[in-house]
Each structure stands twice: as structure tokens, then as C-alpha cells.
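What the coordinates show
Read off the chains here:
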Amino acid sequence: MQPPDAYKGPERRAPAPAEVRLTEDTGKWLEEKMAAAVREGIKGAMTDETAAAFWAAVLAVLEKQATQNAGRFVLGGLWGLARKASLFLALGGIVYAIGGWDALATLFKALFTSGSP
């Protein structure tokens, strides 16, 4: 048995929220107010101490990235040098047998110089 205060009718739903439309002037006013609030918030948050902490963090990240990339650069350079040296040794014997020292010197210049001679 149901309590006497229980609702026995059809299910009731909350009414749909009313639609609100803003005029262009109101929209512009709201944009200006939000922009001013953001500007003031940034001004209040960016003190000399926070600016120094921000730039210190930026420099720390840049230093870390430079260190990691420098290691890759060095290893990549060594790998490239090893490939060129092995190619020179492999081709060098054949080139020397066919063309002598002059041909071997030309092969060396072609492999180990970049750009113009």
C-alpha cells in the first residue's frame, strides 16, 4: 500500500528552459567585459617573480631539449661518418685496382666533401 502523500498521476517533467537571445550590442559588451577581465587577471598574475619563474622554466626546457638533440646530432654524425668510411673501404679497393691513386683520391673527395670542391 502506498503512503497517502504519494503522487498517482502522470509523470511530470520540468519545463524546458526559456531561450535567451542576445542583441549584437549585448554580445559586443560581453566580449569587451570578458577581454577586460582576462587582461586584468593576467596583469594581476604576472608579477616580477612569476615572470622570472616562467622564463627560468622556459630556459630549463630549452636546455633539456638542446642537450637531447645534441646527443642525437653527435650520434647521427658518427653513424654517417662510419657509413661513408665503410663505403670508401668497400669501393676503394675496386677503384684503386682500376684507376690507381688518382681515382682513389677522387672517390675520397666525392664521399667526404660537401658542396663545392
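Details of the structure are given in the entry above.
Quick look at the packing of aromatic side chains now. The relative placement of two aromatic rings is captured by the distance of their centres and the angle of their planes. Throughout the structure, instances matching the rule amount to one aromatic pair. Between F54 and W55, the ring centres sit 5.0 Å apart and the planes meet at 80 degrees, which makes this aromatic pair edge-to-face. Judged by relative accessible area, W55 falls into the exposed class, the value being 53%.

A cluster of nonpolar side chains, V20, L22, W29, L30 and M34, forms an exposed patch at the surface whose accessible area comes to about 540 Å². You can see W29 is positioned in helix α1 (residues 24–45).

This part covers the pattern of salt bridges. Counted by the stated rule, this structure contains two salt bridges. For the salt bridge of K43 with E40, the shortest nitrogen-to-oxygen distance reads 3.9 Å. Within this pair, K43 and its partner E40 are both found in helix α1, separated by three residues, close to a single helical turn. Here K43 matches E40 in class, with each residue exposed.

With that settled, the discussion passes to α1. The terminal C-alpha atoms of α1 lie 31 Å apart, and with 22 residues this matches the ideal 32 Å at 1.5 Å per residue to within 8%. The buried count for α1 comes to zero of 22 residues, which makes it a mostly uncovered element.

Definitions and cut-offs
Residues numbered from 1 in each chain as written. Predicted model: local features only at pLDDT ≥ 70, side-chain atom pairs only at ≥ 80, totals over all residues. Heavy atoms only, no water. Phe/Tyr/Trp six-rings, centres within 6.5 Å; stacked < 30°, edge-to-face > 60°. Buried < 20%, exposed > 50% of the residue type's maximum accessible area, 1.4 Å probe, protein only. Patch = residues over 30% accessible without salt bridge, like charges linked within 9 Å, V, L, I, M, F, W, Y side chains within 5 Å. Areas by Shrake-Rupley, 256 points an atom, 1.4 Å probe, with all protein chains shown as cover. Salt bridge = Lys/Arg side-chain N within 4 Å of Asp/Glu carboxyl O. Helix = DSSP H or I, 4+ residues; strand = E, 2+ residues; numbered from the N terminus. Expected span 1.5 Å × (residues − 1).

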